[in-house]
Structure formats: C-alpha cells, structure tokens
Amino acid sequence: MSKRRVVVTGMGIVSPVGNDVATAWKNVVEGNSGIGPVTAFDASAYTTRIAGEVDGFDAVDAYFAGTDTPDDERRSIAKDFKRMDPFIHYGIVAGTHAFRQSGLVVTDENAGRIGVAAGAGIGGLHTIEGTALELAEKGPRKVSPFYVPSSIINMVAGNLSIYHGLKGPNIALVSACTTAAHNIGMAMRLIQYGDADAMLAGGAEFATTPTAMAGFCSAKAMSTRNDDPAHASRPWDIGRDGFLLSNGAGMLMLEEYEFAKARGANILAELIGFGMSGDAYHITSPSGDGAELAMRNALHDAGIQPSDVRYVNAHGTSTPVGDLGEAKAIRNVFGEHATKKGQFAVSSTKSVTGHLLGAAGGVEAIFSIQALREGIMPPTMNLVDVDPEVAALGMDLVPNKAEKADIEVVMSNSFGFGGTNGTLVFRRV
C-alpha cells in the first residue's frame, strides 16, 4: 500500500511571543523575547523567577475571534471554559484557529474521517495543585465534580472533537517535550494509511505552576538570569545555563492531499517525513544518538537526501549538555552539507519563546512552515560567544539576525525526558 500525501491547511498558535501566527512569527523573526518575570504566582523564593507566559489572552474572546457569534453560544462556551485548566484553553483556541483557517466544513458524510491528535507534556498541574490544596483544607466534599475532566491531558483533543463535530480518531499522545511533534507525526500516519482524511494535531501546555517550577529548579535545569530575562535563553552560547519554562499551544490542520485539493483548500506546506527514536540512555540527559536516529528516520521516511534540507529548527533549549549533543547529531546526519554557508543553517526559536514543553513541537512546526513560506530563517538570539565545541562543527547558527533563504525543505526537532525523540520534515508546495 502506498502512503497518501499529507498537507497542512491551517495553523493556530498561543505563545509568549503572540497569540496568532502573524504576530508570533513577526516577533520570532525580529528576535523579540517573550520571557519575563513570573506573574502566575509568587516566585520570589525560587532560584528561577522568569518564564514565558502568555499575555493578553482571554480564552473566550480568543475562541470567538473573527466570528459573529450569538450571545447564548458565547455564554455556553464561557461556562465550559470555567471548568477547564488553562492548557486546555490554549489547545482549544489554537486548534480552533487552525481548523477555521483551513476552511474545512464538517458534514454528516465526512465527520467520521476527521479527527484530533493533541496532547500535553504535563497537563493540568494548575488544577491539580489547586484541588490538592482545597482537599487538604476543606475535605473531599468540596472537590469539584469537574476536577478530573478539567485536568486530564486528552481533554484538548476531546473538547476540539466535541466543539467541531470531529468523529474520527481522537487521541492524545504524551511524550514529554516531544508530545506535539509525536501527535503531528502520528496524525500524519493515520491520514497516510487511510484511518482519516484530516486531523487537527499538536500540543498545549501551562507549565508555569509552583510545583513544576520548583521541580525544575531543584533539578537545576533552568536559567537563573533573573535580572536579564530577555537574554536568559541562549542556545549554543558558552554562557547558557538552562532553559525557561513557557506556556501556550501549537496546532496544525493536516489533510490528505487529494481531499484538500478537491475542496480547493489553501495548502500551506506538505508534511513529508516523520522520524522517532529512543535514547535508551538516561531519563533526562540526552545521548545524542537518539536525536541522530530520529533525524535519519525522518529523512528516510521523506525519501530525501540530507543535502535536500536547507534549514533545521532545532530543539535547542539552552542547556549545556542538550545543545551540544543536538549540534553534534545534526553535524553527523548532514555531514559536510551542514558546513556549507548559504546551503544549510540551524537555529533555535526557543531563544525568544522559551521552552513550551509539550507544545514546543507544534509551535516550532508553525515557525518551520513560516520559514518555508516566507523564505526567512529565524535567528538564534543571544548567541554572543558560541560554545567552542559547537563552533568547531562549522554550522551556520543564524546568530542574532534572521537570514533570507530560498527554502524548499525544513526539518523540526523535538526531544524529551525519557529519551523520546521526534523529527518532522516539511516541504514547500
């Protein structure tokens, strides 16, 4: 059985750099950081007191943006949203924006062929923390009956299915920081092999909660440049000292090519490759071998050569070990092609967005597609003194300023705790 082609027809984003694709992309290209002091709770006792929070976001207003909606429907959605964790808000809004951009109309005939694949790396910690405190203070009778459905990870997918009448596959893969990439890749597989004709896919996260921040602080995984938040995330720089937690969502509308073409859809890009792997090494420290294998698998799946790739949107979190391991893996995969200025480049948009954990792969897939469409490689900001071991690899890291390029194929990497890896490859259409 030959695999069916899969294309992207819609994109939706909620992020520290903007809550629509145009705004977020503009800020990423211009290098405008979304990192600032934590406002979600009192972080004064924490070693890391900065993060990438979502600003100017009202879930109900964002959901109905650009629509003419009756008041009773708006009140109904507002009532629903009060019973949901913020990560679900982010995922629903990003998914809805991607769905609406696609122009896909759900009917009785096609509803069973349209599905959702959307997860989170951590899920409803905000709700879990609040409920645990309420239980301790007031007892079990005061726990909300909506506690479980307001916090479990699959409720981004579940609610998108309900709101838009999508009766096809409804799944929520969870793989730490590779979550969104894996959901997008597995949605691609479902379309390729005939289980669906269209899928909303990606991830969402609300991670700036007291216990999550405390856990990552205890692990000494995050930057402590609290007095200079805009320059704290600095992938491949010799002064990097950890990542920054961020919130948001990134969702794609994927469709089978002929299905999209037949209805006259505006095709944004083609998803041509997906690769996965496991490090089999350590729960938090990457081996580099797994990253290399995921990229090789994605290239093989796409049926292309390393020399066909012009730009890689790296996982690039700004950790000392992870950044170096990924850089070496990229160099190993792409060989001498990786050193050819004007033919290949790598950058990390986490330098301005921070790390959105389970949403990162969705957000970065959007930036990768925008790079294809606009012919612009977004910069790695705050790259002042390149780590000598990275510099020795000879790759263009797009330091501090976006570069124009004729881009035909892009790659997007996502790697997570547990040694779980995912790589997506997109091609211009």
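Conventions we followed
Residues numbered from 1 in each chain as written. Predicted model: local features only at pLDDT ≥ 70, side-chain atom pairs only at ≥ 80, totals over all residues. Heavy atoms only, no water. Disulfide = S-S within 2.5 Å. Buried < 20%, exposed > 50% of the residue type's maximum accessible area, 1.4 Å probe, protein only. Helix = DSSP H or I, 4+ residues; strand = E, 2+ residues; numbered from the N terminus. Contact = heavy atoms within 4.5 Å. Salt bridge = Lys/Arg side-chain N within 4 Å of Asp/Glu carboxyl O. Axes fitted to C-alpha atoms, helices over the stretch in contact; angles between N-to-C directions. Parallel < 35°, antiparallel > 145°, perpendicular 65-115°, else oblique. Nonpolar A, V, L, I, M, F, W, Y, C, P; charged D, E, K, R; others polar.

A.B. asks: Kindly report on the state of the cysteines, identifying the contributing residues and their values.
C.D. replies: All told, the structure shown has 0 disulfides when counted by the stated rule. We note that Cys 217 lacks a disulfide partner, and the nearest cysteine sulfur, in Cys 177, lies 15 Å from it. When its relative accessible area of 12% is taken as the criterion, Cys 217 is described as buried.

A.B. asks: Go over helix H6 (residues 155–164) with me, naming the residues and quoting the values.
C.D. replies: Three- or four-residue spacings in an α-helix give side chains the same orientation, since the helix completes a turn every 3.6 residues. With respect to burial, H6 is a largely interior element, 7 of its 10 residues being buried. Here H6 has its buried residues at Val 156, Ala 157, Gly 158, Asn 159, Leu 160, Ser 161 and His 164. Of the surrounding secondary structure, the elements contacted by the buried residues of H6 are helix H2 (59–64), helix H4 (86–102), strand E4 (114–119), strand E5 (170–171), strand E6 (198–205) and strand E7 (248–256). Gly 165 sits one or two positions beyond H6 and adopts a positive phi of about 70°.

A.B. asks: Can you lay out the pattern of salt bridges for me, pointing to particular residues and giving the numbers?
C.D. replies: Summed over the entire model, instances satisfying the criterion amount to 20 salt bridges. Ionic pairing is found between Arg 296 and Glu 292, a salt bridge with its closest N-O pair at 3.0 Å. Here the residue Arg 296 and the residue Glu 292 both occupy positions in helix H10 (residues 289–302), the gap between them amounting to 4 residues, near one helical turn. By relative accessible area, which is 37% here, Arg 296 ends up partly exposed. For Glu 292, a relative accessible area of 17% translates into the label buried. Put simply, Lys 341 and Asp 396 hold a salt bridge, and the shortest N to O gap is 3.1 Å.

A.B. asks: Lay out the packing of helix H7 (residues 179–192) against helix H13 (residues 360–374) with the relevant residues and their values.
C.D. replies: When two helices pack together, their arrangement is given by the angle between the helix axes and the distance between those axes. As a packed pair, H7 and H13 sit with axes 5 Å apart at the nearest point and diverge in direction by 70°. When the axis of H7 is compared with that of H13, the two are roughly perpendicular. From H7, Ala 180, Ala 181 and Ile 184 reach across to H13, where they touch Gly 361, Gly 362 and Ala 365. When its residues are assigned to classes, the contact of H7 with H13 shows 4 nonpolar, 2 polar and no charged.

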